[in-house]
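Chain by chain, the residues:
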Amino acid sequence: MNRPSDAPTSVTTAGAELFATALTSQAVEVSQVDWRPPMPGTENDLATVMADPLRHAANQRAAQAMLDVRAMLVDVVPAAEALGLERGHFLHAGPPITWDRTSGPLRGALLGAAALEGIVPDPADAATLFETGGLTFEPCHHRSAVGPMAGVVSPSMWMFVVEDPDSGRRTYCSLNEGLGKVLRYGAYAPDVLDRLRWMSNVLGPSLRDAVRATGPIDITGILTQMVQMGDEAHNRNRAGTLMLLRDLSPALVSSGHPATDVSDVLRFIGGNDHFFLNLAMPACKLALDAARDIEGSTMVVAMARNGTDFGIQVSGTGDEWFTGPAQLADGLFIGDFGPEDANPDIGDSAITETAGLGGFSMATAPPIVRFVGGTVPEALATTQRMYEITLAENPRWSIPILEFRGAPTGIDVSLVCRTGILPQINTGMAGKEPGVGQVGAGLVKPPAEIFPAALAALAQRARARVGEPGVPIGA
């Protein structure tokens with residue numbers, strides 16, 4: 001049948017914009033579809049995973065388990081008590097790593113922590129002990145904990161204890177030191193260690209008594225409010241910190257601690273806008289841990305970096321880490337520092353993005369671009385793009401500028417491989433040399449290859465369940 005010459009013509013295009021532009025110039029109505037081919041080499045694994053009969057229900061279960069968690073601050077105690085951490089053993093951010101591959105900031109933080117524990121008089125003296133195995137370390141994630149930047153935890157450091165009242169599960173995080181030359185950025189000068197000793201001697205006990213006197217503090221509730229107040233809970237925590245201070249101040253004042261100590265504690269927390277980050281992180285881990293170990297689920301339950309490697313863990317593949325090289329962030333630098341001074345991405349704080357905060361909720365915190373770079377339109381577009389690779393929306397974290405749409409949450413490995421869209425993270429930048437501290441903040445993405453690797457493992461498990469281990473579809 002011949003089409004009438006005067007019939008309206010419309011065309012749908014995908015791929016290169018050149019096609020749409022050429023047709024538009026000829027007065028043809030064009031609908032442009034933002035379609036991308038899947039990541040190269042993932043076609044067979046994608047077909048297997050997408051056809052897995054367990055996937056849909058498993059992902060629904062994982063997403064719902066994550067959304068059902070309530071995070072309550074129930075205690076503040078030393079790491080030796082909370083985690084059973086013994087003298088000479090330390091925790092760190094990111095996937096497992098050996099001493100010879102540690103990055104500058106992680107190495108600096110471990111050296112400083114050894115001196116903090118009194119194991120060596122000078123931080124540099126600890127290097128040989130770490131090299132020979134006299135001092136040992138493992139990921140925070142392996143102990144139900146998370147740590148920002150280098151994430152180093154030693155036995156005497158005090159930890160927030162966060163609990164889900166329905167399940168009784170707990171997660172942990174150290175107390176936030178502030179910005180600049182701090183241990184988590186790899187600095188270990190005497191003033192850094194003196195601050196940490198004050199945190200152990202004064203801040204920790206004061207917070208413990210205040211939390212116990214106040215009763216469980218609803219961290220999930222604070223996160224709900226702060227997202228609507230302009231915080232994205234990774235690099236902007238101003239509203240969250242002030243709400244926490246509001247909840248704890250009465251008990252701090254009436255705690256019986258010396259007035260000078262209470263004044264110092266209030267001044268320290270009030271002057272540290274990032275203080276609440278160390279509660280947002282374990283709250284996110286608590287939620288994501290509820291989604292672990294669900295056979296067939298393609299949901300990412302952890303993203304973490306140690307300054308050398310970037311690793312992810314996926315619900316359907318247990319405790320296995322899928323790793324690739326940590327990337328350099330693109331952003332803004334402090335003073336005379338520049339890209340040549342920065343270490344590749346580091347820290348467990350990407351647990352916030354894994355749960356739907358941080359870079360995934362940049363639309364709710366447009367001022368964040370003044371800290372990490374980029375523009376306000378890019379912040380809005382980033383959040384909208386993250387909906388394309390996630391399984392759910394979190395109704396607790398509603399974003400006003402997007403008509404109170406829930407934050408995109410539950411990164412789906414198969415969707416990342418299908419679209420080629422990588423998770424967006426906003427982050428601080430540590431100096432690449434031990435002892436330097438913070439040099440800037442910026443935006444970064446994971447190495448692309450870790451998602452096809454996770455997809456391949458998921459596909460292998462799916463094939464094994466039907467008796468075809470390692471056999472690609474169509475073989």
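Residues numbered from 1 in each chain as written. Predicted model: local features only at pLDDT ≥ 70, side-chain atom pairs only at ≥ 80, totals over all residues. Heavy atoms only, no water.

## Digging into the overall build of the protein
Helix and strand counts for the protein stand at 16 helices and 18 strands. Here the C-alpha atoms of the protein give a radius of gyration of 24 Å, agreeing with the 23 Å that 2.2 N^0.38 yields for 475 residues. Within the protein, the proportion of its 475 residues that are buried is 57%. As displayed, the protein offers around 18,600 Å² of accessible surface, 53% of which is attributable to carbon and sulfur atoms. Averaging the locations of the 34 positively and 52 negatively charged side chains of the protein gives two centres separated by 2 Å. (Helix = DSSP H or I, 4+ residues; strand = E, 2+ residues; numbered from the N terminus. Rg over C-alpha atoms; globule rule 2.2 N^0.38 Å. Buried < 20%, exposed > 50% of the residue type's maximum accessible area, 1.4 Å probe, protein only. Areas by Shrake-Rupley, 256 points an atom, 1.4 Å probe, with all protein chains shown as cover. Lys, Arg positive; Asp, Glu negative; His and termini not counted. Charge placed at Lys NZ, Arg CZ, Asp CG, Glu CD.)

## Remarks on the state of the cysteines
With the rule as written, the count across this model stands at zero disulfides. This cysteine, cysteine 140, is not joined by any disulfide, and cysteine 173 carries the nearest cysteine sulfur, 7.6 Å off. A relative accessible area of 0% places cysteine 140 in the buried class. Its relative accessible area of 0% is what places cysteine 173 among the buried residues. (Disulfide = S-S within 2.5 Å.)

## As for the side chain of aspartate 309
Here aspartate 309 is to be found in strand β11 (residues 309–314). A distance of 2.8 Å separates the side chain of aspartate 309 from the side chain of arginine 101, its partner in a polar contact. Those residues in contact with aspartate 309 that sit more than four places away from it in its chain are Pro95, Pro96, Ile97, Arg101, Ala304, Thr323, Gly324 and Ala326. (Polar contact = N/O pair within 3.5 Å; in protein donor to acceptor, adjacent residues only side chain to side chain. Contact = heavy atoms within 4.5 Å.)

## Topic: unusual backbone geometry
In this structure, methionine 149 is a non-glycine residue whose phi angle is positive, near 50°. Looking at the secondary structure, you find methionine 149 in the loop between β6 (145–146) and β7 (158–163). If you check the backbone angles, aspartate 293 has positive phi at about 60° while not being a glycine. Here aspartate 293 lies in the loop between α11 (277–289) and β10 (300–306).

## A short note on the sheet that holds β7
The five strands are arranged β6-β8-β7-β3-β9 in an open sheet whose pairing can be described as mixed. Among the strands making up the open sheet, the edge pair consists of β6 and β9 (217–218). Where strand β3 (residues 72–78) lies against β9, two bridges are found, and the strand directions are antiparallel. Following the sheet pairing, methionine 72 is matched in β9 by aspartate 218. Sheet contacts for α11: β3, β6, β7 and β8 (170–174); angle to β8, the most-contacted strand, approximately 155°. (Pairing = 2+ DSSP bridges. Axes fitted to C-alpha atoms, helices over the stretch in contact; angles between N-to-C directions.)

## Regarding the pairing of β7
The two faces of the sheet receive side chains in turn, since in a regular strand these alternate between them. Summarising burial for β7: six of the six residues are buried, a large majority. Neither face of β7 is open: one carries Trp158, Phe160 and Val162, the other Met159, Val161 and Glu163, and all of them are buried. Across six bridges, β3 lies against β7 in antiparallel orientation. The residue bridging aspartate 75 from the neighbouring strand is valine 161, located in β7. Two strands pair when backbone bridges link them, and β7 and β8 are joined in this way by five bridges, in the antiparallel orientation. Pairing of phenylalanine 160 across the sheet is with cysteine 173, part of β8. Remark: six residues form the turn of the hairpin made by β7 and β8, two consecutive strands paired antiparallel; glycine 168 in that turn has positive phi of roughly 80°.

## Points about the packing of aromatic side chains
In this structure the tally under the stated criterion is seven aromatic pairs. Measuring from ring centre to ring centre gives 4.9 Å for tryptophan 99 and phenylalanine 130, while their planes differ by 10°; the resulting arrangement is stacked. Within this pair, whereas tryptophan 99 is found in the loop between β4 (89–92) and α5 (104–116), its partner phenylalanine 130 is found in helix α6 (residues 127–132), the two being separated by 31 residues in sequence. Of the two residues examined, tryptophan 99 and phenylalanine 130, each falls in the buried class. These aromatic residues form a ring-pair network of at least three members: Phe90, Trp99, Phe130 and Phe137. Seen from the ring of tryptophan 99, arginine 107 lies directly overhead, with NZ or CZ sitting 4.4 Å from the centre. Over the ring of tyrosine 387 we find arginine 405; its NZ or CZ atom is 3.5 Å from the centre of that ring. (Phe/Tyr/Trp six-rings, centres within 6.5 Å; stacked < 30°, edge-to-face > 60°. Lys NZ or Arg CZ within 6 Å of the ring centre and 35° of its normal.)

## Points about the pattern of salt bridges
Applying the stated rule across the entire model yields 20 salt bridges. A salt bridge links aspartate 194 to arginine 197; its shortest N-O distance comes to 3.1 Å. Placement of the pair is aspartate 194 and arginine 197 together in helix α7 (residues 190–214), with a separation of three residues, close to one helical turn. Since its relative accessible area comes to 46%, aspartate 194 is described here as partly exposed. (Salt bridge = Lys/Arg side-chain N within 4 Å of Asp/Glu carboxyl O.)

## Examining the environment of proline 155
Topologically, proline 155 is positioned in the loop between β6 and β7. Residues proline 155 and proline 78 lie 77 residues apart in sequence; the distance between their C-alpha atoms is 6.7 Å. With sequence-adjacent residues up to four places away left out, proline 155 is seen in contact with Pro78, Ala79, Ala80, Leu85, Glu86, Arg87, His89 and Glu117.

## Focus on the nonpolar core
Ranked by size, the top nonpolar core spans 91 residues in total, and within it Phe130, Leu203, Leu207, Ile219, Leu223 and Phe276 carry the most contacts. When sequence neighbours within four positions are dropped, the list of residues in contact with leucine 203 reads Leu175, Trp198, Val265, Phe268, Ile269 and Phe275. The next biggest cluster of nonpolar side chains, apart from the first, holds 32 residues, and it includes Met303, Met386, Phe451 and Leu458. (Core = buried A, V, L, I, M, F, W, Y, C linked by side-chain atoms within 4.5 Å.)

## Some words on the sheet that holds strand β12 (residues 322–325)
The sheet built from four strands is open, its strands ordered β12-β11-β10-β14 with antiparallel pairing. A single partner strand is all that each edge strand has here, and the edge strands are β12 and β14 (346–347). The pairing of β10 with β14 spans two bridges and is antiparallel. Looking at β14, one finds that asparagine 306 is bridged to isoleucine 346.

## What to know about α7
Compared with an ideal rise of 1.5 Å per residue, which puts 25 residues at 36 Å, α7 spans 34 Å between its outermost C-alpha atoms and is within 8% of the ideal. The axis of α7 is deflected most strongly, by about 40°, at methionine 199. Following α7 by one or two positions, glycine 215 has its phi on the positive side, about 95°. (Expected span 1.5 Å × (residues − 1). Bend = angle between axes of the 7 residues up to and from the residue.)

Nothing here speaks to function; it is geometry throughout.
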